[in-house]
Amino acid sequence: MDELVIANKKIKSRFFIGTGKFSSNKIVPDIIKSSEAQVITVALRRIDIHATESKDNILNYINKDCILVANTSGARNAEEAIRLAHLAKATGCGNWVKIEVISDSKYLLPDNYETLKATETLVKEGFVVLPYISPDLMDAKRLVGAGASAVMPLGAPIGTNRGLKTKELLKIIIDEIDIPVVVDAGIGKPSHAAEAMEMGADAVLANTALATAENPVLIAEAFKLAVQAGRKAFLSKPGIGKELASASSPLTGFLR
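Residues numbered from 1 in each chain as written. Predicted model: local features only at pLDDT ≥ 70, side-chain atom pairs only at ≥ 80, totals over all residues. Heavy atoms only, no water.

Student: Is there a simple way to think about the sheet that holds strand β9 (residues 182–184) in this case?
Tutor: The strands making up a sheet associate through backbone hydrogen bonding, with each pair oriented either parallel or antiparallel. A sheet is described by the order of its strands in space; here eight strands give the open sequence β8-β7-β6-β5-β4-β3-β10-β9, paired in parallel fashion. Looking at strand neighbours, the two that pair on one side only are β8 (152–153) and β9, the edges of this open sheet. (Pairing = 2+ DSSP bridges. Helix = DSSP H or I, 4+ residues; strand = E, 2+ residues; numbered from the N terminus.)

Student: Explanation requested: the pairing of strand β3 (residues 15–18) in the structure shown.
Tutor: Working note: regular strand, side chains alternate between the two faces of the sheet. Neither face of β3 is open: one carries F15 and I17, the other F16 and G18, and all of them are buried. The sheet contact formed by β3 and strand β10 (residues 203–206) spans three bridges and is parallel. Paired with F15 across the bridge in β10 is V204. As defined by bridge partners, β3 adjoins strand β4 (residues 39–43) across two bridges and the pair is classed as parallel. Paired with I17 across the strands is I40, a residue of β4. A crossover connection joins β3 to the parallel β4 through helix α1 (residues 28–35); in handedness this β-α-β unit is right-handed. (Buried < 20%, exposed > 50% of the residue type's maximum accessible area, 1.4 Å probe, protein only. Right-handed = clockwise from strand over helix to strand, strands pointing away.)

Student: Sorry, what's going on with the pairing of strand β5 (residues 67–71) here?
Tutor: Here β5 lies mainly inside the structure; five of its five residues are buried. Residues I67, V69 and N71 line one face of β5 and the alternating positions L68 and A70 line the opposite face, and both faces are buried. In this sheet, β5 lies alongside β4 in parallel orientation, the contact comprising five bridges. Among the inter-strand pairings, V42 is bridged to a residue of β5, identified as A70. Pairing of β5 with strand β6 (residues 96–99) involves two bridges; the strand directions are parallel. Within β6, the residue paired with N71 across the bridge is K98. Following the backbone out of β5, through helix α2 (residues 78–90) and into the adjacent parallel β6, one traces a crossover that is right-handed.

Student: Would you mind showing me how to read the nonpolar core here?
Tutor: Generally speaking, soluble globular proteins have nonpolar side chains that are buried together. Among the nonpolar cores identified, the biggest contains 64 residues, and I62, L210 and F223 are the most heavily contacted of them. Among the elements that make up this core, the one with the highest residue count is α2 (six residues). By size, the runner-up hydrophobic cluster in this structure holds 15 residues, among which are I11, F16, V39 and V128. (Core = buried A, V, L, I, M, F, W, Y, C linked by side-chain atoms within 4.5 Å.)

Student: Please explain the packing of aromatic side chains as it appears in this structure.
Tutor: Think of a pair of aromatic rings as described by two things: how far the centres are apart, and how the planes are tilted against each other in angle. All chains considered together, the criterion is met by one aromatic pair. We note K89 situated over the ring of F127; from NZ or CZ to the ring centre the distance is 5.1 Å. Lying across the ring of Y132, K98 places its NZ or CZ 5.0 Å from the centre. (Phe/Tyr/Trp six-rings, centres within 6.5 Å; stacked < 30°, edge-to-face > 60°. Lys NZ or Arg CZ within 6 Å of the ring centre and 35° of its normal.)

Student: Help me understand the pattern of salt bridges in this model?
Tutor: When the charged atoms of two side chains lie near each other, side chains of opposite charge can form a pair. Under the definition given, this model contains eleven salt bridges. Between R76 and E80 there is a salt bridge whose closest N-O contact spans 2.7 Å. E80 sits in the partly exposed class, given a relative accessible area of 22%. Several salt bridges share partner residues, and in doing so they unite D2, R14 and R231 into one network. (Salt bridge = Lys/Arg side-chain N within 4 Å of Asp/Glu carboxyl O.)

Student: How do you make sense of the packing of helix α4 (residues 137–146) against helix α5 (residues 167–176) when you look at a structure like this?
Tutor: Two measures define how a pair of helices packs: the angle their axes make with one another and the distance between the axes. Remark: α4 packs on α5, axes separated minimally by 10 Å, with the N-to-C direction vectors making an angle of 35 degrees. As α4 packs across α5, the resulting crossing turns out to be right-handed. For the pair α4 and α5, contact is made by L137, A140 and K141 and by I172, I173 and E176, respectively. Here the residues of the contact of α4 with α5 sort into four nonpolar, no polar and two charged. (Axes fitted to C-alpha atoms, helices over the stretch in contact; angles between N-to-C directions. Left-handed = near helix turned anticlockwise from the far one by under 90°. Contact = heavy atoms within 4.5 Å. Nonpolar A, V, L, I, M, F, W, Y, C, P; charged D, E, K, R; others polar.)

Student: Looking at this model, I keep getting lost on the environment of R76. Mind explaining?
Tutor: The topology assignment puts R76 in the loop between β5 and α2. Residues R76 and S103, spaced 27 residues apart in sequence, show a C-alpha to C-alpha distance of 4.7 Å. Excluding residues that lie within four positions of it along the chain, R76 makes contacts with V101, I102 and S103. A polar contact is formed between the side chain of R76 and the side chain of E80, at a distance of 2.7 Å. (Polar contact = N/O pair within 3.5 Å; in protein donor to acceptor, adjacent residues only side chain to side chain.)

Listed below in structure tokens is the structure:
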């Protein structure tokens, strides 16, 4: 069976979602239902630490059977990311963490060096670490060596909806490392998600594309289907493209 396994946990859906930017937390359950997403990322700053029963607490809108992944959004270095991971675990988010370290305020590109440092520390402490990175093969390999459970290279700068602008680099990482690759950031359309999956990505994460759509619930379903189609296409091993035309039906044996 074609299963995605991360940290010995079987994951039913290869479409992951983020929970930021939505107009209201109340829409999140509908997004989860239509997307059938199982892995959900949440930034610590969106969790009401002092009132877990608060109606505004995002955790109250996420199904208990989902895999909650705390996001260290806002961290500017490894030390801050580690602190945020500890705080997230203390609030009941568990030990899955997406390491996001960004010190670049213009392009919001991840700092791979600080991300690696945070990963090394948190893995030793028993966290399941999914680092968000700029797509660099050597850094991806270092993260594998540090014990990351998956790597999450960006497809384009975060929040841009521009698609797979780093396609060639993503393909190299997908081909060369042996832990799951989750394409994250920049995915703007279901077709982008399908393309990533056709390349062999193990999963895709989207947030801005859902939150900025006119109908977030409907596009969440579209993403789910696109991810499924892309995965099936990858497994089917499509034919190789050719420069010259080749008839799909024989051109001989009739109309002599």
